[in-house]
Amino acid sequence: MTTTGAASTGSGLQAGLKNRHLSMIAIGGVIGAGLFVGSGSGIAAAGPGILVSYALVGILVVLVMRMLGEMAAANPTSGSFSAYADRALGRWAGFTIGWLYWFFWVVVLAVEATAGAKILAGWIPAVPQWGWALIVMVVLTASNLASVSSYGEFEFWFAGIKVVAIAAFIVVGALAIFGLLPGSDHPASGFSNLTAHGGFLPHGPGAILTGVLMVVFSFMGSEIVTLAAGETADPRGAVTKATNSVIWRIAVFYLGSILIVVSLLRWDDPAILKDGSYVAALSSIGIPHASQIMNAIVLTSVLSCLNSGLYTASRMAFSLARRSDAPASFGRTTQRGVPQAAILASVVFGFVAVAFNYLWPDTVFQFLLNSSGAIALFVWLVICFSQLRMRRIIERETPEKLVVRMWLYPYLTWATIALITFVLGYMLTDTADGGGRDQVVLSTLVALGVVVFALVRERVARRRMQEVTPS
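Residues numbered from 1 in each chain as written. Predicted model: local features only at pLDDT ≥ 70, side-chain atom pairs only at ≥ 80, totals over all residues. Heavy atoms only, no water.

Peer 1: Sorry if this is basic, but what is going on with the packing of helix α5 (residues 91–123) against helix α15 (residues 364–372) here?
Peer 2: Two packed helices can be described by the angle between their axes and the distance between those axes. Across the interface, α5 lies against α15 with an axial gap of 10 Å and an inter-helix angle of 135°. Of the possible angle classes, the one that applies to α5 and α15 is oblique. With respect to the hand of their crossing, α5 and α15 are arranged in left-handed fashion. Here Phe-103, Phe-104, Val-107, Ala-110 and Val-111 of α5 lie close against α15, whose contacting residues are Phe-365, Leu-368, Leu-369, Ser-371 and Ser-372. Its residues assigned to classes, the contact of α5 with α15 comprises 8 nonpolar, 2 polar and no charged. (Axes fitted to C-alpha atoms, helices over the stretch in contact; angles between N-to-C directions. Helix = DSSP H or I, 4+ residues; strand = E, 2+ residues; numbered from the N terminus. Parallel < 35°, antiparallel > 145°, perpendicular 65-115°, else oblique. Left-handed = near helix turned anticlockwise from the far one by under 90°. Contact = heavy atoms within 4.5 Å. Nonpolar A, V, L, I, M, F, W, Y, C, P; charged D, E, K, R; others polar.)

Peer 1: Hey, could you run me through the environment of Arg-87 in this one?
Peer 2: For Arg-87, the location among the structural elements is in helix α4 (residues 80–88). Spatially, the C-alpha atom of Arg-87 lies 8.3 Å from that of Ser-386, the residues being 299 residues apart in sequence. Look past the residues within four positions of Arg-87 in its chain and what remains in contact with it is Met-390, Ile-393 and Glu-397.

Peer 1: Just to check I follow, could you spell out the packing of aromatic side chains for this structure?
Peer 2: Remark: the centre distance and the inter-plane angle together describe each pair of aromatic rings, the angle taken between the planes. Counted under the stated rule, the structure contains 18 aromatic pairs. When the centroid spacing of 5.7 Å and the interplanar angle of 45° are considered together, the rings of Phe-356 and Trp-360 count as tilted. Taking relative accessible area as the criterion, Phe-356 reaches 25% and is therefore assigned partly exposed. Looking at Trp-360, the relative accessible area reads 42%, which means it is partly exposed. Put simply, the rings of Phe-81, Tyr-101, Phe-104 and Trp-105 pair up and form one aromatic cluster. One cation-aromatic arrangement involves Arg-20 over Phe-156; the distance from NZ or CZ to the ring centre is 4.6 Å. Across the ring face of Tyr-409, the terminal group of Arg-391 is positioned such that the distance to the ring centre comes to 4.4 Å. (Phe/Tyr/Trp six-rings, centres within 6.5 Å; stacked < 30°, edge-to-face > 60°. Buried < 20%, exposed > 50% of the residue type's maximum accessible area, 1.4 Å probe, protein only. Lys NZ or Arg CZ within 6 Å of the ring centre and 35° of its normal.)

Peer 1: Please clarify how the side chain of Ser-386 should be interpreted in this entry.
Peer 2: Along the chain, Ser-386 turns up in helix α16 (residues 375–397). Judged by relative accessible area, Ser-386 falls into the buried class, the value being 1%. Ser-386 has contacts with Met-71, Tyr-84, Ala-85, Ala-88 and Leu-89, leaving out every residue within four places of it along the chain.

Peer 1: Looking at this structure, I do not really get the layout of surface pockets. What am I missing?
Peer 2: Which parts of space are left empty comes out when a probe the size of a water molecule is rolled across the atoms. Empty space within the second largest pocket amounts to approximately 270 Å³. Around the second largest pocket sit 14 residues that line it, and Trp-92, Thr-96, Ile-97, Val-382 and Val-451 are the ones nearest its centre. For the lining of the second largest pocket, the secondary-structure elements that each account for two or more residues are α5, α16 and α18 (436–468). Residue contributions to the lining of the second largest pocket peak at 5 residues, all from α5. Residue composition of the lining of the second largest pocket, grouped by class: 12 nonpolar, 2 polar and no charged. (1 Å grid on protein atoms, 1.4 Å probe; cavity = no way out; pocket = protein on both sides within 12 Å on 5 of 7 lines; lining within 4 Å. Points joined across faces, edges and corners; volume = space filled by probe spheres on them.)

Peer 1: Mind showing me how you'd approach the nonpolar core here?
Peer 2: Of all hydrophobic cores here, the largest spans 158 residues; its most connected members are Phe-81, Val-379, Trp-380, Ile-383, Ile-420 and Leu-424. Of the residues forming this core, the biggest block, 20 residues, is contributed by α5. Look past the residues within four positions of Leu-424 in its chain and what remains in contact with it is Ala-374, Leu-377, Phe-378, Leu-381 and Val-440. (Core = buried A, V, L, I, M, F, W, Y, C linked by side-chain atoms within 4.5 Å.)

Peer 1: For this particular structure, what's the right way to read a nonpolar patch on the surface?
Peer 2: Together, Trp-130, Leu-134, Val-138, Tyr-358, Leu-359 and Trp-360 line one region of the surface with nonpolar side chains, adding up to about 620 Å² of accessible area. Of all the secondary structure elements, the ones that give two or more residues to the nonpolar patch are α6 (129–146) and α14 (340–359). In terms of residues, the nonpolar patch owes the most to one element, α6, which gives 3 residues. (Patch = residues over 30% accessible without salt bridge, like charges linked within 9 Å, V, L, I, M, F, W, Y side chains within 5 Å. Areas by Shrake-Rupley, 256 points an atom, 1.4 Å probe, with all protein chains shown as cover. Salt bridge = Lys/Arg side-chain N within 4 Å of Asp/Glu carboxyl O.)

Peer 1: Sorry, what's going on with empty space enclosed by the protein here?
Peer 2: A full pass over the atoms with the stated rule returns 1 cavity of 30 Å³ or more. In this structure, the largest cavity occupies an estimated 30 Å³ of space. Lining the largest cavity, in full, are Leu-109, Val-136, Met-137, Leu-140, Thr-141, Leu-306, Leu-310 and Val-347. When residues of the lining of the largest cavity are traced back to their parent elements, those giving at least two are α6 and α13 (290–322). The element best represented in the lining of the largest cavity is α6, accounting for 4 residues. Of the residues in the lining of the largest cavity, the class split is 7 nonpolar, 1 polar and no charged.

Here's what the structure looks like:
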């Protein structure tokens, strides 16, 4: 359980995050680098219908966050859904999903460090790409080791830049769409591009599902706010506020910005795939140096993801240690309330994964990517099943803490489970190399391996306890 206040004895985390930090962490968790980098492929695959894909995944995330918010508001803790799964489904479930989530973010560290290094090396080629990857990892590790408020401050500014950038993009794009942008030679096309050039669904309704697979993982990270809430002065209020605001955040930042892109450009414009959807949109309205502007924004998103990934992995390791599911050293904190060992262990594995990316990108690192690819959906499934049980536990034991309630419980919870299961099943139809089938199969095998380990470990512990307990 997370403790707040002074941690002079090294016994717990500190309440070092301010409300403004958590507000931006909540927003930044929704706006990932995948929104800027991966949306072009989705538009090319589904046309304007990609808006429906984003809306479907957005609804899914809103429902999952509502369930998680219900549990987190009643019991804020650094372990979040792993701790809730531990109580609702059993020790094996909390152990399994906690370590899978840690593994997911360690791999993300390598992906984002490499992506950031590529941009920086393009600007300053005198430093090799691996050198830049090392630099950004070291800087953000130092930030996380300093204090939780350092992490919060970094994330506040990273997320702030993303918010301002997307808000400006939406405003400027909307003005261009209606011919109100001074100096722009973009035709005032209104929303005609949504239905011209083959219609709203040029590849048919099935393309919506293809689009879902392409965009679902860009939403991963929205749950970080429930882990961070445990290190605020008012965890319950922070979680409630973040959960209630997730709807407008997704509507504005995802649906709003993608609507601007597919309205400014025809969906089959080759520039969308060649330059990226946002660069192509900015170039179409005559914004100079659009590619460099977007590179700077993408770099900010990458650094934000790195920062949050390291924080998230370390807090999950800390929570696992507090439940005796990880080395005890991971559960100890410095006098500043920082889980130093958990941070260092996470970043070491992150460095190893970065090395794999440079040494064996098509073999070892590709395996890591595929074996962590479906973990986001597994996490969401576990949140759903945990909420089904936790609602009854909270109502029975502490009904006054039920300040956030899942809508139409339990029917919407079961509907969400069905939708996630359907997405996982549909991923099996994607037979491309490194595609959905590879991700689901390998992620499932890794998950089953962790489950078996957890069950064997639990059985051994139970047997030892029986041996030492006098009959």
